Amino acid sequence: MWNVDDMKWEPLKNSLQGAPGSRILTTTRSDEVVRVIGTNIRQSVGLLSPDDYWSLLSRIAFFGRSEEERKELEGIGREISTKCKGLPLAAKIMGSLLRLKDIVIQWRNVLESPLWQLKVVEDKLFLHLYLSYNDLSPECKCCFSSCIIYPKDTLIHLDELIMLWIAHGYLGSSGNVDSMQVMGLEFFKNLVMQSFLQELEMDKYDESKISCKMHDIMHDFVTHLSQDNYCLILDDEAEITNCDIGKVRTCCVRNVSQISTLLNLFSGLKCVRVLIVRNCLHIPQEIGKLIHLRYLDLISNFISELPETLCDLSNLQTLDLRKCIFLSALPQGIYKLRSLRHLLFDAWKTNSISQGLERLTGLWILSSFTAGRGSSKLGYLRKLNKLRGSLELILGDLTQSEDLVDAKKAELEKKKYIKKLNIIFRREVRADIMEALQPPPKLRSLGFVKYVGNEFLGIMETIQELPNTGPAFPKLRKLHFSEFDNWETWEDITGDEKEHLLIMPCLRELEISYCDKLKALPHCLLSMASSLEYLTIKRSLCLGSLYGERTGDEWDKISHIPTLRYTVWKI
């Protein structure tokens, strides 16, 4: 059943009224249909196990064959069965195809051919998938087709998908990040409900952090749909044939070492909006001619520098430079990318960002930022109040008075859309500078490596300052400390302070890693955080001894926490 019009469903249901105890069995690929018919009983049919799958496929493929023939063909048959990845419909179709093949070489041809090139698959299997596909809106069809850029069995992240869809214009052109996010999430849910995407995983602290995969059969289907001039995938110096490069909107280039290949490609890509380049050694100056480019993915390249002409891409919205291990700096003219919304790179490898970053006030995503002597300044973050999602701050050698001024200029407390913050201390940071960094108000996950100040955690020096402050970290759900080698005491709250100070009332998960000298956890946190569900103590000698499961002296103070995890040093 595909129709979701309840005005049509009701007359049909009424006409099927039978004797008491009668049942109606409905099959569908759509969750929306389940809602329309109003059933209370739902049975999701998953993928078949390898043994069950082979049992179904072989029963059809080996029908009427002798025992000798079965033994000869079983090895290849099982490989074909594995290739279909447990999809029941494919077992029936592939079994019917193999039943007409009599010799080993014919079965091997089926094994070695891409499924989407087999006519029987196109005629029968894809015919069923077209029913789901045609039920999608035109925009949602485009969103699904764009998934062709992901190789098989790749983990697909929703936030990356939405960046991709924005670049193609599938989510409208309002410029409102929230409305685009909502629309992108709706399209994503539709693709999931129709089983085009599967194996969902969700971050428990950030519902927007969702990942999924695409079944291999679905990947073959999207490849079949994309046999046109609008998408070009080029691997390992392969020649470009039967493709009008000037019409290509999406281009994916992998393992191309010849600069001439990229030069020729870039000179021909007149309309490209999405460009993905992987495992290449050099990005030519000609990239600046791709004036319609909106999404540039340079993950995992061996480049040591980026051409300044990249800053001529006035329409560029996403620049992804993660895992470029030899890249030490961003282009000086990055401030010219006024349309840039997503800037992702590994700040611990990139020494500095030009001062012009502060002009990119439209940035939604900044994956990481380095501040300190010889690096960028915290003050560059001042006007970037649209930042959202996750931010990693890498701090080092902040010991001067001007660094304190810059820390105050950063105005982290105004970054109200940031939900996850990790702070890593590369070198010395003065305590008052750290305490000048007021945290974003809606944090849900917070991580520290090496150092943290009392003020940042909401612990004031005197009780007179408390009455109007409200809870510290009111939204925080996860807190993680790691590698605080000399941290011995976590200051507790005592006396009258308990009446006025509330810290992390929504905390669900606390993790302490590699903090050998920390003697105890604050009783105020363990007792006040009634929402605490997970406590992890990893490679922390004193805490492991104090709170050891059923053996530690203060085990009773944490025994009420539902999930406790310990990892201790082995001597």
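Quick notes on the rules
- Residues numbered from 1 in each chain as written.
- Predicted model: local features only at pLDDT ≥ 70, side-chain atom pairs only at ≥ 80, totals over all residues.
- Heavy atoms only, no water.
- Buried < 20%, exposed > 50% of the residue type's maximum accessible area, 1.4 Å probe, protein only.
- Helix = DSSP H or I, 4+ residues; strand = E, 2+ residues; numbered from the N terminus.
- Pairing = 2+ DSSP bridges.
- Core = buried A, V, L, I, M, F, W, Y, C linked by side-chain atoms within 4.5 Å.
- Contact = heavy atoms within 4.5 Å.
- Phe/Tyr/Trp six-rings, centres within 6.5 Å; stacked < 30°, edge-to-face > 60°.
- Axes fitted to C-alpha atoms, helices over the stretch in contact; angles between N-to-C directions.
- Parallel < 35°, antiparallel > 145°, perpendicular 65-115°, else oblique.
- Left-handed = near helix turned anticlockwise from the far one by under 90°.
- Nonpolar A, V, L, I, M, F, W, Y, C, P; charged D, E, K, R; others polar.

Peer 1: How would you sum up the pairing of strand β14 (residues 445–449)? Please name residues and give values.
Peer 2: Most of β14 sits inside the fold, with four of its five residues counted as buried. Note: strand β13 (residues 417–425) against β14, five bridges, orientation parallel. Bridging from a neighbouring strand, Ile424 pairs with Val449 of β14.

Peer 1: I'd like a description of the nonpolar core, backed by residues and values.
Peer 2: Leu343, Leu366, Leu395, Leu479, Trp490, Leu510 and Leu521 are the most contacted members of the largest nonpolar core, which has 98 residues in total. Aside from chain neighbours lying at most four places away, what touches Leu366 is Leu343, Phe345, Leu357, Leu381, Leu384, Leu387, Ser390 and Leu391.

Peer 1: Report on the packing of aromatic side chains, specifying residues and quantitative values.
Peer 2: Applying the stated criterion across every chain, the model contains twelve aromatic pairs. Between the aromatic rings of Tyr133 and Phe221, the centroid separation amounts to 5.9 Å while the plane-to-plane angle is 90°, which identifies the pairing as edge-to-face. Here Tyr133 is found in helix α7 (residues 119–133), whereas its partner Phe221 is found in helix α11 (residues 216–225), with 88 residues between them in sequence. Judged by its relative accessible area of 12%, Tyr133 is buried. Take Phe221: its relative accessible area is 0%, and that puts it in the buried class. Between Phe144 and Phe196 the ring centres are 4.5 Å apart and the planes differ by 45°, which places this aromatic pair in the tilted class. Here Phe144, found in helix α8 (residues 138–145), pairs with Phe196, found in the loop between α10 (177–193) and β2 (198–203); they are 52 residues apart in sequence, far enough to count as distant. Across the pair, Phe196 and Phe144 agree in class, each one buried.

Peer 1: I'd like a description of the packing of helix α4 (residues 67–83) against helix α6 (residues 104–112), backed by residues and values.
Peer 2: Two elements in contact, α4 and α6, have axes separated by 10 Å at closest approach and are oriented at 15°. Classed by the angle they form, the pair α4 and α6 counts as roughly parallel. Read as a crossing pair, α4 and α6 show a hand that is left-handed. Two secondary-structure elements touch here, α4 through Glu72, Leu73, Ile76, Gly77, Glu79, Ile80 and Lys83 and α6 through Val104, Trp107, Arg108, Val110, Leu111 and Glu112. Classifying every residue of the contact of α4 with α6 by side-chain character gives seven nonpolar, one polar and five charged.

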